[in-house]
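Structural overview for review
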Amino acid sequence: MINTTTGPLSEPIARAAQSALPRRAVLGGLVAAAAGGLAACGGGTGNPGGGGGKGGVLNVWGGVPPESGPDDLIKAFNEEHPDIKVTYTRYVNDDQGNLKLDTSLQGGVPIDVFFSYSPANVKKRSNLALDITERVAGDPDLATFTADADPIGNYPLDGKLFCVPAALAPHNVYVNASMVEAAGITLPENWSVDEYVEVARKLTVPGKTFGSLNAPTLARATIGSNSNYTEAGKSNFADPLFAKELELALSLQKEGTTMPQSQILAEKLKTFPHTPFIAGRVAMVIQAGHLVRYISDTKEYPHDFKTICMPTPAPEKGKPFWNTGQIGDLMSISAKSKNPDNAWLFLQFWVKNAAKYMIKGGRLPSLVGDAKPADMITQLLGPDRDKLYDSATFQKFLFESDLKVAVDTKFSGATQITQIMEKLTDEVLLGDRTVDSWVTEAVKQADAAITTAP
């Protein structure tokens, strides 16, 4: 079914010298994937640069369901710090949920620690967050996240830090093993976009199954960090790779290899891509590791096939490329916190102990420490892993793969640019706009967003 060998799991995901985060520190989120004990980097008991705090209440806001790791992590923190009570409030990481968090931060709602899930939101909330540059620099375990780290592994704004990433979420390809077997396909260990497309075509059953939910990316995977911007800081959408990517998506949609954009939008599959995959309506999907949460939930999402984990395809065979995932779970301390030292103590504990508690929700930690890969696989895939997953491929491509996850450093107009790209791309895939028109409008509108950005 797949040509792969599984060796010792001592090497974490980001091994390459050019990787956004150094090997010593990272695993990669699922993968979000995914996309993660496992005592990590001193267990989070130290507090360099912060002070130990003297008890009290901490209010933490995050987007991860409490039962998917936060409850267990907070319980462990309380066992070490029984004088500090932590209350966790979950907000949904969508437009409405982010607006609720922003409004609460600006108003009188008591919040001490909060999570952002995009660098654009970190920048937007920087005036509402505590400058933790010196605190991060004062903790040797967080060296990879300092403002001057090389390679960069955080999001400094004018040399200052307002967050620490608690997860790394590379993208992987999830494949229906039963469909691969039925098609008589052998998946290559390292595939190109062309090879991915050919596999998707072979897995397509007209009127029943799409080979892939959508097309693989070319621009971001080739260019890497700051792919939306030129060196001069203008929009980069005139780069031919963006048009080539759209043309590929259009051709695959037209031939029926990928799902029509009209259907994706109607079923809200940008938010819920797991539903057609688990239902067997698509054979492959490129996602971060949160997909594992749904695959493992057989009561809500019953299915009878195993899932294979594969690396994302290279735009060009044999050439280095960037994984399209990102660092995530960006933890900040509210500038209005009345307990900044306790908040810092909790932030440290979370980042350093995420490997113990957060993987089961499909979130791999940004710090590995002495985490045992076998334990992490067990936690990630759960007790039914032999029934639901091709575990060897997860070990091979999730914990051992050479991948580079780019960390962006340019954010001018980033939120607006994301919205512009999404809207224009939808129009192209719906047949309402040409690719050439997409390029013209993307450049025009993105440049305007950059020019007017605060």
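Everything numeric in this text was worked out from a predicted model, so none of it was measured. (Residues numbered from 1 in each chain as written. Predicted model: local features only at pLDDT ≥ 70, side-chain atom pairs only at ≥ 80, totals over all residues. Heavy atoms only, no water.)

Scanning the protein for helices and strands turns up 17 helices and 8 strands. For the protein, buried positions account for 56% of its 454 residues. (Helix = DSSP H or I, 4+ residues; strand = E, 2+ residues; numbered from the N terminus. Buried < 20%, exposed > 50% of the residue type's maximum accessible area, 1.4 Å probe, protein only.)

Before going further, it helps to spend a moment on helix 16 (residues 414–429). Note that an α-helix has 3.6 residues per turn; residues three or four places apart therefore point the same way. With 16 residues, helix 16 should cover 22 Å at 1.5 Å per step; its first-to-last C-alpha distance of 22 Å lies within 8% of that length. Looking only at helix 16, the buried set comprises Ala 414, Ile 417, Ile 420, Leu 424, Asp 426, Glu 427, Val 428 and Leu 429. As for helix 16, its buried residues are in contact with helix 3 (119–124), helix 8 (240–255), helix 9 (261–266) and helix 17 (435–452). One or two residues past the end of helix 16 sits Gly 431, with phi positive at roughly 85°. (Expected span 1.5 Å × (residues − 1). Contact = heavy atoms within 4.5 Å.)

Moving on, we get to the pairing of strand 6 (residues 284–287). By the alternation rule, side chains of strand 6 split into Met 284 and Ile 286 and Val 285 and Gln 287, which are all buried. Summarising the sheet, strand 5 (residues 172–176) and strand 6 pair through 4 bridges and their orientation is antiparallel. When the bridges of strand 6 are listed, Tyr 174 appears paired with Val 285. (Pairing = 2+ DSSP bridges.)

This structure, assessed with the given rule, holds 15 aromatic pairs. Consider the rings of Tyr 155 and Phe 411, whose centres lie 5.7 Å apart with planes at 75°: the pair is edge-to-face. Within this pair, whereas Tyr 155 is found in the loop between helix 4 (133–137) and strand 4 (164–169), its partner Phe 411 is found in the loop between helix 15 (391–398) and helix 16, the two being separated by 256 residues in sequence. With respect to class, Tyr 155 is no different from Phe 411; both count as buried. Geometrically, the ring pair formed by Tyr 389 and Phe 394 is edge-to-face, given 5.2 Å between the ring centres and 85° between the ring planes. (Phe/Tyr/Trp six-rings, centres within 6.5 Å; stacked < 30°, edge-to-face > 60°.)

Read from one edge to the other, the open sheet built from 3 strands follows the order 6-5-7, with strand pairing classed as antiparallel. Pairing within the sheet leaves two strands with one partner each, and these edge strands are strand 6 and strand 7 (307–311). Direction aside, neighbouring strands of the sheet carry axes that sit 30° apart on average. Where strand 5 lies against strand 7, 5 bridges are found, and the strand directions are antiparallel. Opposite Asn 176, over in strand 7, you have Thr 307 as the bridge partner. (Axes fitted to C-alpha atoms, helices over the stretch in contact; angles between N-to-C directions.)

Now for unusual backbone geometry. For Asn 226, which is not glycine, the phi dihedral falls at a positive 55°. Relative to the helices and strands, Asn 226 resides in the loop between helix 7 (219–223) and helix 8.

If you walk across this open sheet you meet the 5 strands as 2-1-3-8-4, and the pairing is mixed. Every interior strand has two partners, whereas the edge strands, strand 2 (84–90) and strand 4, have only one. Strand-to-strand twist across the sheet, computed as the mean angle between neighbouring axes with direction ignored, equals 20°. The sheet contact formed by strand 3 (residues 113–116) and strand 8 (residues 326–333) spans 4 bridges and is antiparallel. The residue of strand 8 that forms the bridge with Ser 116 is Leu 330.

What follows deals with the confidence of the model for the protein. Interpretation of the predicted coordinates at a detailed level should be avoided for regions scoring low in pLDDT. Here the protein shows a mean pLDDT of 87. Residues at 70 or above account for 87%. Considering only residues more than four positions removed or in separate chains, one finds that residues 3–52, a stretch of pLDDT under 50, has 207 contacts. (pLDDT = per-residue confidence, 0-100.)

This part covers the nonpolar core. In terms of nonpolar packing, the biggest core is built from 73 residues, with Val 86, Val 136, Met 331, Phe 346, Trp 350, Val 351 and Trp 438 touching the most fellow members. Sequence-distant contacts of Val 351, that is, excluding residues within four places in its chain, are made with Leu 142, Phe 145, Val 164, Pro 165, Ala 166, Met 331, Ser 366 and Leu 367. Core analysis: the next-biggest nonpolar cluster, separate from the first, contains 44 residues, Val 292, Ile 359, Leu 380 and Leu 388 among them. (Core = buried A, V, L, I, M, F, W, Y, C linked by side-chain atoms within 4.5 Å.)

The next thing to look at is the pairing of strand 8. Taking burial as the measure, the 8 residues of strand 8 include 7 buried ones, the bulk of the element. Summarising the sheet, strand 4 and strand 8 pair through 5 bridges and their orientation is antiparallel. Bridging from a neighbouring strand, Ala 169 pairs with Gln 326 of strand 8.

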